[in-house]
Amino acid sequence: MKLYVFLIVCMNLLLMPTDEVDSPRARISSGVLEGCSHSGIHAYLGIPYAQAPVEDLRWRPPQPLQNWEGVRKADKFGPRGMQRPLFDDMVFRSDGMSEDCLYLNVWTPANPGEERLPVLVYFYGGGLFTGDGSEARYQGESMARRGIVTLTVNYRLNVFGFLAHPELSKESPHAASGNYGFLDQMAALQWVQENITAFGGDPERVTIAGESAGSVSVSAQMMSPLSKDLMAAAIGSSASILGTLGAVPLEEGEQVGEKFQQLAKASSLAELRSMPAEELLELTSRMEWAAFLPTIDGYFFPGSVFEMYAEGKQAKIPLLIGWNSQESPYQAILGEEAPTVEHFQEKLRTLYPNHAEEAIRLYHAENTEEVTLAARDLASDRFTGYSSWKWADLHLQTSDQAVFRYLYAHPRPALSEDSPTGAVHSAEIEYAMGNLPQNRVYRWTAEDYRVSAVFQTYYENFVKTGNPNGLGVPNWPAMEKDNPQIQIIDVKTHSIPEPNRERYLFLDQFYGK
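Right, let's walk through the structure included here. Keep in mind the model is a prediction, meaning the values are calculated, not measured.

Comments concerning the overall build of the chain
Phase 1: Secondary structure summary: the chain contains 18 helices and 16 strands in total.
Phase 2: For 513 residues, the compact-globule estimate of 2.2 N^0.38 gives 24 Å, and the chain sits close to it at 24 Å.
Phase 3: Viewed in the frame of its principal axes, the chain has a C-alpha envelope of about 95 × 60 × 45 Å.
Phase 4: Taking all 513 residues of the chain together, the buried fraction comes to 57%.
Phase 5: Considering only contacts within the chain whose residues lie at least 6 apart along the sequence, 76% involve residues at least 24 apart.
Phase 6: Charge separation in the chain, taken as the distance between the mean sites of 42 positive and 65 negative side-chain charges, equals 3 Å.

Quick look at the structure:
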């Protein structure tokens, strides 16, 4: 009897699933990874793609990763980059916070089939100051279920990712400094080219995408000669390097770096490198919020980003681009002043003293309700609308590639009586990535899920073919130089002729000069 029981126990142990049996593995250039599996999707989380940028590697381009022995667990997110908590809608699942932050995450179908799958690489937003690839709104599982290998990528932020300094430029073989966060993204794209076949992906079919600062990053990667050959298509949502978080001359960035050194009371670059990361981060709270901007460093950016796009030096690839109907509220223009016609026109005269009458005509308002809309439109244009429009317009003029432009207009379910009436900044992410269930703050309706199904299908089609059109979604015409069309994505998605070009041409005279 005892022998019988022993044999039964042994059989049960043999039949019992174990981590070694159930956990998927992938061999990449650095070694073997062991991920995790859920309902037909394999996830590999917290994969390092470069050496930790710490100690002497702080404020240097990302360095190649060293190989590891044995099997490396890839079943939890890596640490997020050093950052202060600036936005209350960011919910991280990362393994703490650290300078050691150069990790990426991969979601792929468990059974991808024999053909290599298209790839989507998503860069998070956060003003180049905050953000992380572990946020649930970016999760790649839903896109992977549609046959797309999906990645999120961490990159260095704020002073760690974008500090320029004369000593840094002097030690660089390219006489460049700053843009380390962009160089991280480039290193991740190189990693994709080298390793994505291990996850069933096709390195020839890589689409890069992002929202806000992530969209700025996409426009930057498309334009840099270091990275523009690492992608086949691009998606940008709400911003570009052409106006939002625009690149400044290297000398200007170096001056900011010297001010930061003075603030830190450091006598040299070596002393700055030796300071604890937490101390440097705390010091950023005493600098202007957007102080650490990208630089025209002569290396990642060889010249003016406006001129390079105007001269057609960017990647010649299909582009899907748009922004939301309420990127910024009217208060961003009027502050605490009442939304009266008088206050609004007074503000326009202050903002555009030499062009006030033209601004008043283009952002016309005759009553309080119209003021709230016109001031909202101006605030949104100044924040992300103009820079997104400029990106689309220049790419259309100089690339000979298809450009598909949208305006996302569907507001989230109201949380209170004073909830926004339009689609606010970043509101489209969960819809486009198929991640409404990941966000439990809102009580999603059937309409929300219908809008998400359409928007995600556009994403899916574009990643697979370079064209968002396909069965089951409203037709989306590509822009034409003499007849630019916009796709209004809402409960009733449809296209309209460009209605606001004159506004953007007005703003154009204040940028890129």
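Let's pick the thread back up.
Some points on the sheet that holds strand β5 (residues 71-73)
Strands pair in a sheet through their backbones, by hydrogen bonds, and they do so in one of two ways: parallel or antiparallel.
Phase 1: As summarised here, the arrangement of the 3 strands in space is β1-β2-β5, forming an open sheet in which the pairing is mixed. Looking along the sheet, the strands with just one partner apiece sit at the ends: β1 (25-28) and β5. In this sheet, adjacent strand axes meet at a mean angle of 30° when their direction is disregarded.
Phase 2: Pairing analysis gives 4 bridges linking β1 to strand β2 (residues 31-34), with the strands arranged antiparallel. Paired with A26 across the two strands is L33, which belongs to β2.

Brief notes about the environment of S274
Phase 1: Structurally, S274 can be placed in helix α9 (residues 269-274).
Phase 2: Residue S274 is classed as exposed on the basis of its relative accessible area of 56%.
Phase 3: With 160 residues separating them in the primary sequence, S274 and E114 have C-alpha atoms 50 Å apart.
Phase 4: Looking at S274, its side chain comes within polar contact range of the main-chain oxygen of E271, at 2.8 Å.

Overview of unusual backbone geometry
Negative phi is the rule for most residues except glycine; trans is the rule for most peptide bonds.
Phase 1: Notably, W59 is not glycine yet its phi reads approximately 60°, a positive angle.
Phase 2: Among the structural elements, W59 can be located in the loop between β4 (41-48) and β5.
Phase 3: The buried category is assigned to W59, whose relative accessible area is 1%.
Phase 4: One non-glycine residue with positive phi stands out, namely L128, at about 65°.
Phase 5: By the element assignment, L128 lies in the loop between β7 (117-123) and α3 (141-144).

Quick look at the packing of aromatic side chains
Phase 1: Applying the stated criterion across every chain, the model contains 28 aromatic pairs.
Phase 2: A ring pair is formed by F182 and F301, whose centres lie 6.0 Å apart and whose planes are at 75°; its orientation type is edge-to-face. With F182 in helix α6 (residues 180-195) and F301 in the loop between β12 (295-296) and α11 (305-310), the pair connects residues that are 119 residues apart, well separated along the chain.
Phase 3: By way of ring pairs, the aromatic residues F404, Y406, Y408, Y431, Y442, W444, F455, Y458, Y459, F462 and W476 are connected into one cluster.
Phase 4: Here the guanidinium or amino end of R58 rests over the ring plane of W59, the centre of that ring lying 5.4 Å away.
Phase 5: Just above the ring of W68 sits the side chain of R72; from NZ or CZ to the centre is 5.4 Å.

Quick look at helix α7 (residues 213-223)
Note that an α-helix has 3.6 residues per turn; residues three or four places apart therefore point the same way.
Phase 1: With 11 of 11 residues buried, α7 lies mostly within the body of the structure.
Phase 2: When we look at burial in α7, the residues that qualify are A213, G214, S215, V216, S217, V218, S219, A220, Q221, M222 and M223.

Thoughts on the environment of F292
Phase 1: Along the chain, the position of F292 falls in the loop between α10 (277-284) and β12.
Phase 2: The exposure class assigned to F292 is buried, which follows from its relative accessible area of 4%.
Phase 3: When the C-alpha atoms of F292 and A432 are compared, they prove to be 30 Å apart, with 140 residues separating the residues in sequence.
Phase 4: For F292, the contacting residues outside a window of four places in its chain are F129, N158, V159, F162, L163, V256, F260, T284 and M287.

Looking at the packing of α6 against α7
Phase 1: Packing of α6 against α7 leaves a shortest axis separation of 10 Å and a crossing angle of 70°. Classed by the angle they form, the pair α6 and α7 counts as roughly perpendicular. Crossing hand, α6 versus α7: right-handed. Within the contact between the two elements, α6 uses F182, Q185, M186 and L189 and α7 uses V216, S217, A220 and Q221.
Phase 2: Looking at the contact of α6 with α7 residue by residue, the classes come out as 5 nonpolar, 3 polar and no charged.

Regarding the pattern of salt bridges
Phase 1: Considering all chains together, one arrives at 23 salt bridges under this definition.
Phase 2: A salt bridge links E135 to R137; the nearest nitrogen and oxygen atoms lie 2.9 Å apart.
Phase 3: Classification of R137 by relative accessible area gives buried; the value is 9%.
Phase 4: We note a salt bridge from R349 to E357, for which the minimum N-O separation is 3.8 Å.
Phase 5: Judged by its relative accessible area of 53%, E357 falls in the exposed class.
Phase 6: The network of salt bridges with shared partners includes D56, R60, E171 and R273.

Side note on the nonpolar core
Note that soluble globular proteins tend to have their nonpolar side chains buried in a common cluster.
Phase 1: Ranked by size, the top nonpolar core spans 140 residues in total, and within it I47, Y49, V121, L151, W191, F199 and F344 carry the most contacts.
Phase 2: Broken down by element, this core gets its largest block of residues, 11 residues, from helix α15 (residues 368-399).
Phase 3: In this view, F344 contacts I333, L334, Y363, A365, V371, A374, A375 and L378; residues no more than four positions away in its chain are not counted.
Phase 4: Core analysis: the next-biggest nonpolar cluster, separate from the first, contains 6 residues, A43, L45, W107 and A144 among them.

Details of the pairing of strand β8 (residues 149-153)
On a regular strand, each side chain points to the face opposite its neighbour's, so the side chains alternate between the two faces of the sheet.
Phase 1: The buried fraction of β8 amounts to 5 of the 5 residues, a majority that puts the element mostly inside the structure.
Phase 2: Of the two faces of β8, the one carrying V149, L151 and V153 and the one carrying T150 and T152 are both buried.
Phase 3: Pairing geometry for β7 and β8, over 5 bridges, is parallel. What sits directly across from V119, in β8, is V149.

About the thresholds
- Residues numbered from 1 in each chain as written.
- Predicted model: local features only at pLDDT ≥ 70, side-chain atom pairs only at ≥ 80, totals over all residues.
- Heavy atoms only, no water.
- Helix = DSSP H or I, 4+ residues; strand = E, 2+ residues; numbered from the N terminus.
- Rg over C-alpha atoms; globule rule 2.2 N^0.38 Å.
- Buried < 20%, exposed > 50% of the residue type's maximum accessible area, 1.4 Å probe, protein only.
- Contact = heavy atoms within 4.5 Å.
- Lys, Arg positive; Asp, Glu negative; His and termini not counted.
- Charge placed at Lys NZ, Arg CZ, Asp CG, Glu CD.
- Pairing = 2+ DSSP bridges.
- Axes fitted to C-alpha atoms, helices over the stretch in contact; angles between N-to-C directions.
- Polar contact = N/O pair within 3.5 Å; in protein donor to acceptor, adjacent residues only side chain to side chain.
- Phe/Tyr/Trp six-rings, centres within 6.5 Å; stacked < 30°, edge-to-face > 60°.
- Lys NZ or Arg CZ within 6 Å of the ring centre and 35° of its normal.
- Parallel < 35°, antiparallel > 145°, perpendicular 65-115°, else oblique.
- Left-handed = near helix turned anticlockwise from the far one by under 90°.
- Nonpolar A, V, L, I, M, F, W, Y, C, P; charged D, E, K, R; others polar.
- Salt bridge = Lys/Arg side-chain N within 4 Å of Asp/Glu carboxyl O.
- Core = buried A, V, L, I, M, F, W, Y, C linked by side-chain atoms within 4.5 Å.

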